[in-house]
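# Close look at the chain arrangement
Here is what each chain is made of, one letter per residue.
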Amino acid sequence: MARPFSKSGQVIRVRLEPHVRQLIASMVDQLRELLLVDNGSELTRLYPTAYPDDVERQADYHAVVHDQLLMARLEAIDVVESTIDAEELTVDQADAWLTTVNQIRLVLGTKLDVTEDDHTIDPDDPDASAQVIYQVLSHVLDSLTTARASLLLSLIHISEPTRPMKESRMPT
């Protein structure tokens, strides 16, 4: 599978196959529905427990951050939906894609009970198609992360030239 994302100047070029774009669009719709329904069991990786030994502190934490996290996730979904057919992404759009694709992957991975040891797909497994989707999302996420890192490194080099360590001495 070719790399679907690459750095191109100050943007990220998108070369997703139409069927992958359709898959991501469908998964984004499903993620939005899950977030709005807030079925805790499927979203455990998106809303991890901060205070497992303190129910009251956990409830306070949830009350403070849940709505902020939800709004940020829904905004990222909006960006992905509006750029699903784009040929280029800005840095901010790429960040929204990273956030959203990773969340889809986390939810699907939780549902499939994926572990680091899961590398092969048994075609007779009833979850085989979901496992293929998980691997496609992993490839998309890896490619986008690599392109985003490359773009970030180029921006750092443009905005701040590298200085030798000798010149950055602490004042005495």
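Quick summary incoming for the structure in this document. By convention here, each chain's residues receive numbers from 1 onward along its written sequence. It should be noted that, the model being predicted, local features are given only for residues of pLDDT at least 70 and side-chain atom pairs only at 80 or more, the latter also being counted only at that level, while totals for whole chains, interfaces and linings use all residues. Only hydrogens and water are set aside; all other atoms, that is, all heavy atoms of the structure, feed into the side-chain values.

### Quick look at the overall build of the protein
Put simply, DSSP H or I for four residues or longer makes a helix, DSSP E for two residues or longer makes a strand, and each gets a number counted from the N terminus. Each helix and strand counted, the protein has four helices and three strands in total. The secondary structure elements of the protein, listed N-terminal to C-terminal, are β-β-α-α-β-α-α. Expressed as a percentage of the 172 residues in the protein, the buried residues total 35%. Long-range contacts, defined as pairs at least 24 residues apart, comprise 68% of the intrachain contacts of the protein with a sequence gap of at least 6. To sort residues, take the accessible area from a 1.4 Å probe on protein chains only and compare it with the maximum for the residue type: under 20% means buried, over 50% means exposed, and anything in between is partly exposed. Contact between two residues is taken to exist if any of their heavy atoms lie within 4.5 Å; hydrogens are not considered.

### Description of the sheet that holds strand β3 (residues 88–89)
By definition, two strands form a pair when at least two bridges between them are found by DSSP. Pairing is antiparallel across the open sheet formed by three strands, whose spatial order is β1-β2-β3. Looking at the sheet topology across the chains shown, the edges are occupied by β1 (5–8) and β3. Pairing of β1 with strand β2 (residues 11–14), which is carried by four bridges, proceeds in the antiparallel orientation. When the bridges of β2 are listed, Phe-5 appears paired with Val-14.

### Digging into the nonpolar core
Residues belong to one nonpolar core when they are buried, are Ala, Val, Leu, Ile, Met, Phe, Trp, Tyr or Cys, and are joined through side-chain atoms within 4.5 Å. In terms of nonpolar packing, the biggest core is built from 40 residues, with Phe-5, Ile-24, Leu-35 and Trp-97 touching the most fellow members. Looking at this core, the elements that each hand over two or more residues are β2, α1 (18–37), α2 (55–83), α3 (91–112) and α4 (128–159).

### Focus on the environment of Ser-154
With respect to the helices and strands, Ser-154 occurs in helix α4. Judged by its relative accessible area of 16%, Ser-154 is buried. Each C-alpha atom, one on Ser-154 and one on Lys-7, is 9.3 Å from the other, the two residues being 147 residues apart in sequence. Aside from chain neighbours lying at most four places away, what touches Ser-154 is Lys-7 and Gly-9. Polar contacts involving the side chain of Ser-154 include one to the main-chain carbonyl oxygen of Leu-151, which spans 2.7 Å. Counted as a polar contact is a pair of N or O atoms within 3.5 Å, where, for protein atoms, one must be capable of donating a hydrogen and the other of accepting one, and residues adjacent in sequence contribute only when both atoms are in side chains.

### Description of unusual backbone geometry
A positive phi angle, near 55°, is found at Asp-113, a position not held by glycine. Here Asp-113 is to be found in the loop between α3 and α4. With a relative accessible area of 61%, Asp-113 lands in the exposed category.

### Details of the pattern of salt bridges
By convention in these notes, a salt bridge is any Lys or Arg side-chain nitrogen within 4 Å of a carboxyl oxygen on Asp or Glu. Under the criterion given, the structure shown has five salt bridges. For Glu-81, the salt bridge identified is with Arg-32, shortest N-O distance 2.7 Å. On the criterion of sequence distance, the pair formed by Glu-81 in helix α2 and Arg-32 in helix α1 is long-range, its members being 49 residues apart. Judged by its relative accessible area of 33%, Glu-81 falls in the partly exposed class. The residue Arg-148 makes a salt bridge to Asp-95 at a minimum N-O spacing of 2.6 Å. Remark: Asp-95 occurs in helix α3 and Arg-148 occurs in helix α4; sequence separation between them is 53 residues.

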